[in-house]
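Survey of secondary and tertiary structure
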Amino acid sequence: MKRLLTLSLLFFVIWLNADAQRINEICQSAFMRNPDSLYIKNLKNYLGFRMSVFQKGSAFSISDSKSESELQYSCADTSLAVSFGAGYRWLSLGFGFSLGLLNRHRAGRKFDYSTQMHLRAFTIKLQGNIYSGYYLKNATNILNDLPENEKYVRKDIKTKLLRLSTDYYFNYTQYSRKALTSQGQMQLRTAGSALAGVIFNYDMAIGDSSFVPQNVDTQKFGYKGDISKVRNMFIGPEGGYAISVVLPKQWFLNAQMIGGVAYNRHLVQYKERSDKLYEGANLFLQAEGAAGYNGMLWFASISANIFAIQSAMNSDESNINTINTLFQATIAYRFKIENDYSVGELLSAKRQEWRAHRANKKQ
């Protein structure tokens, strides 16, 4: 019996080792292939500095299924923001601030956080924001007794967003996402790639009173619900396609489309009634386009990104949709590092240079 157990354990170890080697070979083949040098040029010995000017927007709408009309709320803070950053190999850091901070009387406020990691085959994106202060875009068409050219502003309305996604680019040896976002590579030839991944999204909108104004024209918007808070959460697969078209003299065009259907939990809270939880399918779509120049030293681009979510339909009440937008212009310059430093070695070398400079200055 002991011999049988020993032989069984031995065969199990041999099988496990062989299976681990096979799994490792599969992973090496799928995720560890080097970029095709005919399509992608690595800029691992270049330290890049960049500046971006961008505008982020947020909007949500409440549609009435009976009158087929909607209330269109948009973030009141439309000010531009500026960010500065640096990137070397896999490390990219940056910070930014809104120019709206200079305006004490602005109707809305924004807090944004976003980061991206670009591995060899994967892209991981994290985004979060808190916006307060919204105005009704179609107020003149849907409200009674509103003076002409006057905005209907709701400073009490606040939205929150947390979104995490990861995507695998199947043709990562020929298509470079880094060339567009972190400036760590150059796309030499036109290439595209299918992509697939997973997304988690949590967003909410809350107000001190109902989103539906008291003076709404009931003939144009029939729903008179007292919705004061909406929470939406979904998780599910996503897929799409990205392409980069390389033009003469290192100019480029880039486009990406991602979409999916996810499981959705949609909670609606009311002032005068009990809350309702809706579960079902959730549609989402992200479209992105960019154009620019990517040379050995200089990089410049303009881009636009739109993310739209359609929540589960409530046949007896309303449908709530959200849209997030980003318009951005970026310029970057790369400095060549003569020695083949790793990220840690580069930081250590710069720290030693700074210490030597301080020591010389004291003398």
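Before going into details, it helps to say that this report is about the structure given with it. (Residues numbered from 1 in each chain as written. Predicted model: local features only at pLDDT ≥ 70, side-chain atom pairs only at ≥ 80, totals over all residues. Heavy atoms only, no water.)

Right, let's get into the pairing of strand β8 (residues 152-169). As paired elements, strand β7 (residues 122-136) and β8 share 14 bridges and run antiparallel to each other. Each bridged residue has a counterpart across the sheet, and for Y131 the counterpart in β8 is T159. Direction of pairing for β8 relative to strand β10 (residues 191-206): antiparallel, over a ladder of 12 bridges. Among the inter-strand pairings, K158 is bridged to a residue of β10, identified as I206. (Pairing = 2+ DSSP bridges. Helix = DSSP H or I, 4+ residues; strand = E, 2+ residues; numbered from the N terminus.)

By size, the foremost hydrophobic cluster in this structure holds 24 residues, and its most contacted members are F60, L71, Y73, L136 and F211. Sorting the residues of this core by element identifies β2 (46-64), β3 (69-75), β7, α2 (139-142), β8, β11 (227-246) and β12 (251-270) as the ones contributing at least two each. Among residues more than four places away in sequence, those in contact with F60 are L71, Q72, Y73, Y134, I157, T159, A205, F211, N321 and T322. By size, the runner-up hydrophobic cluster in this structure holds 11 residues, among which are Y39, Y172, A191 and L195. (Core = buried A, V, L, I, M, F, W, Y, C linked by side-chain atoms within 4.5 Å. Buried < 20%, exposed > 50% of the residue type's maximum accessible area, 1.4 Å probe, protein only. Contact = heavy atoms within 4.5 Å.)

Okay, the pattern of salt bridges next. Applying the stated rule across the entire model yields 4 salt bridges. The partner of K56 in a salt bridge is D112, and the shortest N-O contact between them spans 3.7 Å. Pair noted here: K56 is in strand β2 and D112 is in strand β6 (residues 109-118), with a separation of 56 residues, a long-range link. Across the salt bridge formed by K125 and D167, the nearest N and O atoms sit 4.0 Å from each other. Residue K125 is found in strand β7, and its partner D167 is found in strand β8; the two are separated by 42 residues along the sequence. Of the two residues, K125 and D167, both sit in the buried class. (Salt bridge = Lys/Arg side-chain N within 4 Å of Asp/Glu carboxyl O.)

Looking now at the pairing of β10. The sheet contact formed by β10 and β11 spans 16 bridges and is antiparallel. Paired with A196 across the bridge in β11 is G239.

Examined against the element boundaries, N264 turns out to sit in strand β12. For N264, a relative accessible area of 0% puts it in the buried group. Here N232 takes part through its side chain, which lies 3.4 Å from a polar atom of the side chain of N264. (Polar contact = N/O pair within 3.5 Å; in protein donor to acceptor, adjacent residues only side chain to side chain.)

Generally, phi is negative for residues other than glycine and the peptide bonds are trans, each holding for most cases. The backbone of K249 shows a phi angle near 60°, a positive value even though the residue is not glycine. Structurally, K249 is set in the loop between β11 and β12. Overall, the relative accessible area of 73% leaves K249 in the exposed class. A positive phi is found at Q250, a non-glycine position, where the angle reads about 70°. Here Q250 lies in the loop between β11 and β12.

As a further point, take the environment of A304. Note that A304 resides in strand β14 (residues 298-310). Expressed as a C-alpha distance, the spacing of A304 and A287, which sit 17 residues apart in the sequence, is 8.3 Å. Once you skip the residues sitting within four places of it in the chain, A304 turns out to touch A287, E288, G289, L326 and F327.

Using the criterion set out here, one finds 14 aromatic pairs in the structure. Directly above the aromatic system of F307 lies the positively charged group of R163, at a separation of 3.7 Å from the ring centroid. (Phe/Tyr/Trp six-rings, centres within 6.5 Å; stacked < 30°, edge-to-face > 60°. Lys NZ or Arg CZ within 6 Å of the ring centre and 35° of its normal.)

Functional significance is not addressed by these values, which are geometric in nature.
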